Amino acid sequence: MTMTMTATAPETAVSLVDPELYATGDPYPVWRWMRDHDPVRRHEATEYPAFWSVTRYDDIRTVYNDARVFSSAQGILLRPLAHGKDPGGGRTLALTDPPRHKALRSLVANWFTTRSVRALEDAMRGAVRDVVARAAGLGECDFVTDVAARLPLYVICRLMGVPAHEQEMLFALTSRAFGAGDPETRSIAHQEIMGYFVELMYRRMDEPADDLVSALVNGEVDGELLSEEDILLNCDNLLVGGTENVRLAVSGGMKTFLDRPGDWERLRADRSLMPTAVEEVLRWTSSATHIMRTVTEPVTLGDRLLDAGDRVVLWTPSANRDERYFTDPDVFDITRRPNRHLALGAGEHFCLGAMMTRTEMRILFDELLDSVRSIEQTAPEIPIRSIVVNGLESLPVRISPA
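Throughout, residues of each chain are indexed from 1 in the direction in which the sequence is written. Side-chain atom pairs in this predicted model are given and counted only at pLDDT of 80 or more, local residue features only at pLDDT of at least 70, and totals for whole chains, interfaces and linings cover all residues. Excluded from the side-chain calculation are hydrogens and water; included are all heavy atoms of the structure.

Okay, the overall build of the protein chain next. The numbering of helices and of strands both runs from the N terminus, where a helix is a DSSP run of H or I of at least 4 residues and a strand a run of E of at least 2. A count of helical and extended segments in the protein chain gives 16 helices and 14 strands. Every radius of gyration here is taken over C-alpha atoms, with the globule rule written as 2.2 Å times N^0.38, N being the number of residues. The globule rule puts the C-alpha radius of gyration for 402 residues at 21 Å, and the 21 Å found for the protein chain is close to it. Each principal axis of the C-alpha atoms in the protein chain carries an extent, and together these give about 55 × 55 × 40 Å. In the protein chain, which comprises 402 residues, the proportion classed as buried is 55%. At a minimum sequence separation of 6, the contacts of the protein chain that also span at least 24 residues come to 69%. The rule is simple: take the accessible area with a 1.4 Å probe, protein chains only, and divide by the maximum for that residue type; under 20% is buried, over 50% is exposed, in between is partly exposed. Two residues qualify as a contact provided that any one of their heavy atoms is within 4.5 Å of a heavy atom in the partner residue.

With respect to the helices, strands and loops of the structure, Glu-121 is situated in helix H6 (residues 121-137). In protein, a polar contact means a hydrogen-donor-capable atom and an acceptor-capable atom, both N or O and within 3.5 Å, with residues adjacent in sequence counting only if both atoms are side-chain atoms; elsewhere, any N or O pair within 3.5 Å suffices. Within the local environment of Glu-121, its side chain forms a polar contact with the side chain of Arg-362, the two groups lying 2.9 Å apart.

This brings us to the sheet that holds strand S3 (residues 70-71). Judged by pairing direction, the sheet is mixed, and its 5 strands sit side by side in the order S1-S2-S10-S7-S3 without closing on themselves. The sheet terminates laterally at strand S1 (40-43) and S3, the two strands that pair on one side only. When DSSP finds two or more bridges between a pair of strands, those strands are recorded as paired. Examined bridge by bridge, strand S7 (residues 290-295) and strand S10 (residues 311-315) share 5 bridges and lie antiparallel to one another. Note on S10: the bridge partner recorded for His-290 is Trp-315. Docked against the sheet, helix H3 (residues 57-64) engages S1, strand S2 (51-54), S3, S7 and S10, running at close to 125 degrees with respect to S10. Axis definition: a line fit to C-alpha positions, over the contact stretch in the case of helices; interaxial angles, taken between N-to-C directions, run 0 to 180 degrees.

Classification of ring pairs rests on two measures: the distance between centres of Phe, Tyr or Trp rings, Trp counted by its six-membered ring, which must be within 6.5 Å, and the angle between planes, read as stacked under 30 degrees, edge-to-face over 60 and tilted in between. Counted by the stated rule, this structure contains 12 aromatic pairs. A ring pair is formed by Tyr-28 and Trp-31, whose centres lie 5.3 Å apart and whose planes are at 80 degrees; its orientation type is edge-to-face. Taken together, the residues span about one helical turn, with Tyr-28 and Trp-31 both in helix H2 (residues 28-37) at a distance of 3 residues. Ring centres 5.0 Å apart and planes at 50 degrees place the aromatic pair Phe-257 and Trp-264 in the tilted group. Grouping residues by exposure puts Phe-257 and Trp-264 together as buried. By way of ring pairs, the aromatic residues Phe-257, Trp-264, Trp-284, Phe-332 and Phe-365 are connected into one cluster. The ring of Phe-326 has Arg-283 sitting right over it, with the charged end atom 5.4 Å from the ring centre. A cation sits over an aromatic face here: Arg-321 above Trp-284, 3.9 Å from the ring centre. Whether a charge sits over a ring comes down to the Lys NZ or Arg CZ being within 6 Å of the ring centre and within 35 degrees of the ring normal.

This next bit is on the state of the cysteines. Any two cysteine sulfur atoms lying within 2.5 Å of each other are counted as a disulfide. Inspection of the entire model under this criterion finds 0 disulfides. No disulfide involves Cys-351; its sulfur sits 17 Å from the nearest other cysteine sulfur, which is in Cys-157. For Cys-351, a relative accessible area of 17% corresponds to the buried category.

Quick look at the environment of Arg-176 now. Mapped onto the elements, Arg-176 comes out in helix H9 (residues 164-179). Arg-176 sits 55 residues away from Glu-121 along the chain, and the two C-alpha atoms are 28 Å apart. Beyond its immediate chain neighbours, meaning those up to four positions away, Arg-176 contacts Thr-185, Arg-186, Ala-189 and Glu-192.

Let us look at the sheet that holds strand S11 (residues 372-377). The sheet built from 3 strands is open, its strands ordered S4-S14-S11 with antiparallel pairing. The sheet is open, and its two borders are formed by strand S4 (140-142) and S11, each paired with just one other strand. Taken pair by pair, the neighbouring strands of this sheet meet at an average axis angle of 35 degrees, ignoring direction. Two elements, S11 and strand S14 (residues 396-401), share 5 bridges in a ladder whose sense is antiparallel. Looking at the pairing, Glu-376 lines up with Arg-398 of S14.

Glancing now at the side chain of His-290. Following the sequence through the fold, His-290 ends up in strand S7. In terms of polar contacts, His-290 uses its side chain to reach the backbone amide nitrogen of Leu-78, at 2.9 Å. When near neighbours in sequence (up to four residues on either side) are disregarded, His-290 contacts Ile-76, Leu-77, Leu-78, Val-313, Leu-314, Trp-315, Ile-387 and Val-388.

This next bit is on the environment of Tyr-202. Take Tyr-202: it is sitting in helix H10 (residues 183-206). Distance from Tyr-202 to Gly-75, taken between C-alpha atoms, is 27 Å for residues 127 residues apart in sequence.

It is worth spelling out H3 at this point. Think of an α-helix as 3.6 residues a turn; residues three or four steps apart then line up on the same face. What H3 keeps buried is the set Tyr-57, Asp-59, Ile-60, Val-63 and Tyr-64. Down the axis of H3, the sector holding all buried residues measures 165 degrees, keeping them to one side. Each direction from the helix axis to a C-beta atom contributes to the arc, which is the arc of those directions.

The next subject is H6. Helices are assigned an expected span. That span is 1.5 Å times one less than the residue count. The end-to-end C-alpha separation of H6 is 24 Å, in line with the 24 Å expected for 17 residues at 1.5 Å each. Immediately downstream of H6, the backbone of Gly-139 shows phi near 80 degrees, a positive value.

What follows is about the confidence of the model for the protein chain. A residue-level look at the protein chain finds 96% of positions with pLDDT of 70 or above and a mean pLDDT of 93. Residue-level confidence of the predictor is summarised by pLDDT, bounded by 0 at the bottom and 100 at the top. Low confidence marks residues 1-8, where pLDDT is under 50. Its contacts with residues over four positions away, or in another chain, come to 20 contacts.

Structural data, given as structure tokens:
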């Protein structure tokens, strides 16, 4: 499962759909070569369908900004051919096109406004203090599961109406579903999560509340209530979207700060740098390794003619290291301005929870700087073995309280 690009670029004789590249290798030189020599490159079918691989910032932004020609409804992630179509295609927030996407988004958008996010800030800070105190009390802990994963899960559980006494159970399930290395473990945990949301959906049918699940249960699109399956698929979409970005960005950002302690101390001394630091962590970590679109009509992208039905795969981390757009893109710079990265997407599908993501990251880093004297890595980190998300499965650390 290799692809040889040219004899003069042996470092590119690798497969971008091989999870080992992301777990043990370095995809950035591959993407750099592709940006320079073949920015819209045809990849023939393997166990995955054929697709066009897009690596430059401007081309990727063009695709994001044209939801009519580049559709999300056929799926937004590469799936092995043997798995068939994505069951959420045309049905969830992430896998719909306008106008249905806008209608679905309107059902839940009020929970992610600036006003709503600000109303949660005090509760977020209290949750983070509890998380940090608990992690420090463990002596050694896993920063990914014991710190980075807990705040976003607490927030999305609160928004979805998950009772407080059920949140720890859901936390354990999501840790296995999103963080475990074993695919079977992930699959079983994901099924249990869906089973939980079946129960919560029926509860909200009988007893509506002011939460996201109730909004989906009672919301209408084109004058019709959502089907039970559509409700569950959108619950899953909201849970994943509400937890993955922050967990991966914060844990990857902390690993970066551990490798660059001067930046961490600089941020400790000058909190006015926090907004630009958060944006740089988002750019640097780029938690979505790829996003896919399907072409709806013939179109030219770069110098390639794409046909209707062609799949287009956008390599987000490549866009965010494109030297045509960013100055010194391979330098981590917490003062970087401007920083119009694509870590949260763009266009119609710009991340619904972008404000929430940024706020959670700011509060997590703020509270760590305030309440922790030192964070020491105690064992090698374990990268996620995935072509879908970019980040760490585990980051063992020792946290010393201030």
